[in-house]
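Residue strings, one per chain:
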Amino acid sequence: MRLLKFVLTCLFFYLLLKAPGLFLGKPVPSSLIAMYMFFIVITVLLVMTITDDGAEKLFAPIRSLVEDPSKKLIRNVVFVVVPIVCGYAVYDSGEKKAPPTELRAVHPAPPAIVKAYGKTFDLASIGNPFRKAEKEDPAAFKAFVKEGSEVYFKNCFFCHGDKLDGKGHYAHALELRPLPFTGTDTIAQLQESYLFWRILKGGPGLPREGGPSISAMPAWENELTEDEIWKVILFLYDYTGNTPRSWS
Amino acid sequence: MEHRLNRILPLAALAAIPLLLILPHIFSECHALAAEAAKFAPAPVLSSGDYPKAGGVNPRLFVWMAAQMHLWFAAFVLAVPIFVLLLEVVGVIKKDSRYDKVAYEFLRVSLTAYSITAITGGVLLLGLVVFYPDLMKYLSAIFGSTMLFYALFFFVESAALYVYYYGWKAMPSGGLKWAHIGVGLLLNASGTTLMFIANAWVTFMMTPAGVDIAGVFDGNVWHAVRNHLWGPMNLHRFIANIAYGGSIVAAYAAYRFLGVKDRAEKAHYDWMGYTANLVAIGALLPLPFAGYWLTAEIYAYSQQMGITLMGGLFAWLFIIQAVIIGALFLAANYYLWCGLGRGVNGERYYKYVKYIAFVIAAAFLVWFTPHTLVLTPEEAAALGGQYHPLLGPLGLMPAKNTAVNIMLLFTFLSFLLYRRAHRTPTVKWASKGNAVEAALFTAAIVNIVWLGVYYGYFTNSVYKVASSVPQVATTLFVIVACLVMEYFMHRKAEISELRWGVVPDRSQYALFLIAVSFTWLMGLMGFVRSAIRQHWHVYSVMRDNSPDAFTPTIAYAAKVVSIGTIIFMAMIAFIFWLSHMGQVKGAGDE
């Protein structure tokens, strides 16, 4: 009975983790389910074994199956069926011949310096030269943002979308798709200098840790001026209501 | 003789404190003079030919393993005297000889580890001098005076250790006992100073100060010592050492508990394991916050290092770290739950365990949920990217901070229940006191979640990072407030004797797991801390141009650290066995 309770509890949590994939089409990755389930099983096991009595009752059916002479038939059946099921599971997992899983850093570390426009930029210290207008001259700042929006809609929105949600016209043809700038887990996490580098150097400028380099982002240093890049960054933050990461 | 020792030893201990305070000035003076005498050279620009080869030895692996072993043993021998001194003082204050007995027993166990620490330190130095001579030359030019102080404090520590150990039985009570405690203080002060000096060298390599962009030293060694990470690293390692010492002592107690048959001895080791584990978990509680400060400072110093650390290349080692810390919390709680049976009232709390476990497990899962997922191509296509729309927010720091605070609160709740397993309050306001404690917990959880969700996801990053401070303050306030209330509520409580030794053997394996987890964590996170320098000996100042100047894969690093952990734990087990063998022989002789 206690063993059954253990199995049903674990099963319940497993189905819970499968639910987003089954009902919303947004599966929890199998790698994460494996990690979650490992600790869920461990936790349930711990709770059920805090007393000797509890542990004894939990393992009694297994002990009985192995030791009780009257259960010889069931024992033999289990000892044949379990290895076959395990063997089939291994066989089945190998059949798909799927490409390997990937661990790709979406926001890899930027280099310390980048070179463009005949200059060297120290990413640790540079900031957006137009940002100070936000407080000092709001009218000018608004104008910079507007100029940034024009840069965006002439160059970026085809992939990143008119709502900056990563759902532009071309986005569906890309693998992986562009990330949304909206929300709090992309550009809100980053300093403006980081965006400057990513726009400047694009996918080709990703370091190896950002690989497999499957970013379709072009390197914009040959298409946009330095000022245009800084202004489009102003627009990205302004439109999404995010604030660039800073340390003061 | 007693009278003389009484006067000299506390004075010696006190003398060490002002010495520590004037150290920075001494360093400054030394190098002000040195600067006048000679101009410092820039950091050398090396080529692969500047790195000597010796046989088929892989230099990086050799130095890595030697440094790791030295660090583990050093942490052990720094941690144990802190722990031993704490026990000795508690024993004197509580007038309970059990503390004294345990303290002495453990000091004896750690003696062998001192020589191994010195040996591994020697091997490390040898490796550095042989394989990285130019780096050592550059560092020596800056830190030469601190290296001399290192040697001096090493001598002081060794002398204090011998007096402390061999004087234990000769200074058993009264003023002599306090003199002995003074020696223990000197031992700890000198040991901790050694660590602080070594920390300066290590943190200088990560966040160099006192040098210009070419690595030219400004002549003031205090500038180089007091670099960006020195303070956070000192604090983090100091607290971690206490936790580590507690965990190793607890593992020793578990080893002995499982081995002895005699009930009195079993009770003794059960009590020892519990006390040591309490110290370990007590020190573990503030550790995440010290770690958070250290990491925030790394980010503040260099965006590149910060992102490499937690958002990029090494992000998955942080997930492994989260998994191990979570496992550690689960093990600590399991140990407390199993211990409920020691008290006559313990059974009445069994029914709450599953709810506490549920909350801790849920917080644990949030704690290790990665932001960047490992996906199969099908999953990547279904999700459209590397982030999960539902789980993505759980991958960010606000969710982690919220989860860890809740995990700490519920671990504390397990501890409160454990304390009540053998106490029944008799004060009239007991039920009201319980209600206030429940209200405190509820308010704290609401506050922590609100701070995490609102400031973490609906304000800018400055507030997001800052919101972790009130979250921690909330947790600490509840812990302190509840402990004060518990004290007054149980002052005249009906207290039954705890049944030491009456605990399932399974619980002892939780203590082993905690010690191994600590060791493994130190190795993994130590590697990450060091590796975020990437291809620099001294970050942005002195480039590493050796053939090994590449970052190994996570799998390779994890294997090296895991093998190191196995070797270290095997050596610790050998030390335990050796000490036990000596004890048995000693008992026979007596």
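A quick note: this is a predicted structure, and the numbers were derived from the prediction, not measured.

1. Concerning the overall build of chain A
Move 1: Counting secondary structure elements, chain A contains 8 helices and 2 strands.
Move 2: Listing the helices and strands of chain A from first to last along the sequence gives α-α-α-α-β-β-α-α-α-α.
Move 3: Taking 2.2 N^0.38 as the reference for a compact globule, 248 residues should give roughly 18 Å; the C-alpha atoms of chain A span a radius of gyration of 28 Å, well beyond that estimate.
Move 4: Projected onto the principal axes, the alpha-carbon positions of chain A cover approximately 90 × 40 × 35 Å.
Move 5: In chain A, which comprises 248 residues, the share counted as buried stands at 27%.
Move 6: Restricting the contact set of chain A to residue pairs at least 6 apart, pairs at least 24 apart contribute 51%.

2. Quick notes on the overall build of chain B
Move 1: Helix and strand counts for chain B come out as 19 helices and 4 strands.
Move 2: For 590 residues, the compact-globule estimate of 2.2 N^0.38 gives 25 Å, and chain B sits close to it at 25 Å.
Move 3: For chain B, the spread of C-alpha atoms along the three principal axes comes to 80 × 75 × 45 Å.
Move 4: Considering only contacts within chain B whose residues lie at least 6 apart along the sequence, 83% involve residues at least 24 apart.

3. A word on helix 15 (residues 430–457) of chain B
Move 1: Taking 1.5 Å of rise per residue, 28 residues should cover 40 Å, and helix 15 of chain B covers 40 Å from first to last C-alpha, within 8% of that figure.
Move 2: Turning to helix 15 of chain B, its buried residues number three or more, namely Ala444, Ile448, Leu451, Gly452, Tyr455 and Gly456 of chain B.

4. Things to note about the interface of chain B and chain A
Move 1: Facing the 53 residues of chain B at the interface are 49 residues of chain A.
Move 2: Looking at the side of chain B that touches chain A, the elements with two or more residues in it are helix 10 (303–310), helix 11 (315–339), helix 12 (350–368), helix 13 (377–383) and helix 16 (461–466) of chain B.
Move 3: With 8 residues, the top contributor of residues to the side of chain B that touches chain A is helix 12 of chain B.
Move 4: Residue composition of the side of chain B that touches chain A, grouped by class: 32 nonpolar, 18 polar and 3 charged.

5. Some words on the environment of alanine 74 of chain B
All names here are of chain B.
Move 1: Note that alanine 74 resides in helix 2 (residues 59–94).
Move 2: Here alanine 74 falls in the buried class, since 23 other C-beta atoms lie within 10 Å of it.
Move 3: Once the C-alpha coordinates of alanine 74 and tyrosine 114 are considered, the two residues, 40 residues apart in sequence, prove to be 7.9 Å apart.

6. Quick word on the pairing of strand 2 (residues 119–122) of chain A
Residue and element names in this part refer to chain A.
Move 1: Two elements, strand 1 (residues 113–116) and strand 2, share 4 bridges in a ladder whose sense is antiparallel. Across the sheet, the residue bridging to alanine 116 is lysine 119, located in strand 2.
Move 2: The antiparallel pairing of strand 1 with strand 2 creates a hairpin that spans 2 residues between the two strands, and tyrosine 117 there sits at a positive phi of about 55 degrees.

7. Topic: the packing of helix 11 of chain B against helix 12 of chain B
Residue and element names in this part refer to chain B.
Move 1: Following both chains from N to C, one finds helix 11 and helix 12 inclined at 170 degrees, their axes separated by 9 Å at the closest point. Considered as vectors, helix 11 and helix 12 are oriented roughly antiparallel to each other. Facing Ile319, Ala322, Val323, Gly326, Phe329, Leu330, Asn333 and Trp337 of helix 11, the residues of helix 12 in contact are Val353, Ile360, Phe364, Trp367 and Phe368.
Move 2: Taken together, the residues of the contact of helix 11 with helix 12 sort by class into 11 nonpolar, 2 polar and no charged.

8. Side note on the domain arrangement of chain A
Move 1: What the domain assignment reports for chain A is domain 1 (2–95) and domain 2 (113–240).
Move 2: Once you take the C-alpha centre of each, domain 1 of chain A and domain 2 of chain A turn out to be 48 Å apart.

What counts, and at which threshold
Residues numbered from 1 in each chain as written. Chains lettered and ligands numbered in written order. Predicted model: local features only at pLDDT ≥ 70, side-chain atom pairs only at ≥ 80, totals over all residues. Helix = DSSP H or I, 4+ residues; strand = E, 2+ residues; numbered from the N terminus. Rg over C-alpha atoms; globule rule 2.2 N^0.38 Å. Buried ≥ 20, exposed ≤ 12 C-beta atoms within 10 Å, placed from the backbone. Contact = placed C-beta atoms within 7 Å. Expected span 1.5 Å × (residues − 1). Nonpolar A, V, L, I, M, F, W, Y, C, P; charged D, E, K, R; others polar. Pairing = 2+ DSSP bridges. Axes fitted to C-alpha atoms, helices over the stretch in contact; angles between N-to-C directions. Parallel < 35°, antiparallel > 145°, perpendicular 65-115°, else oblique. Domains from an automatic or database assignment.

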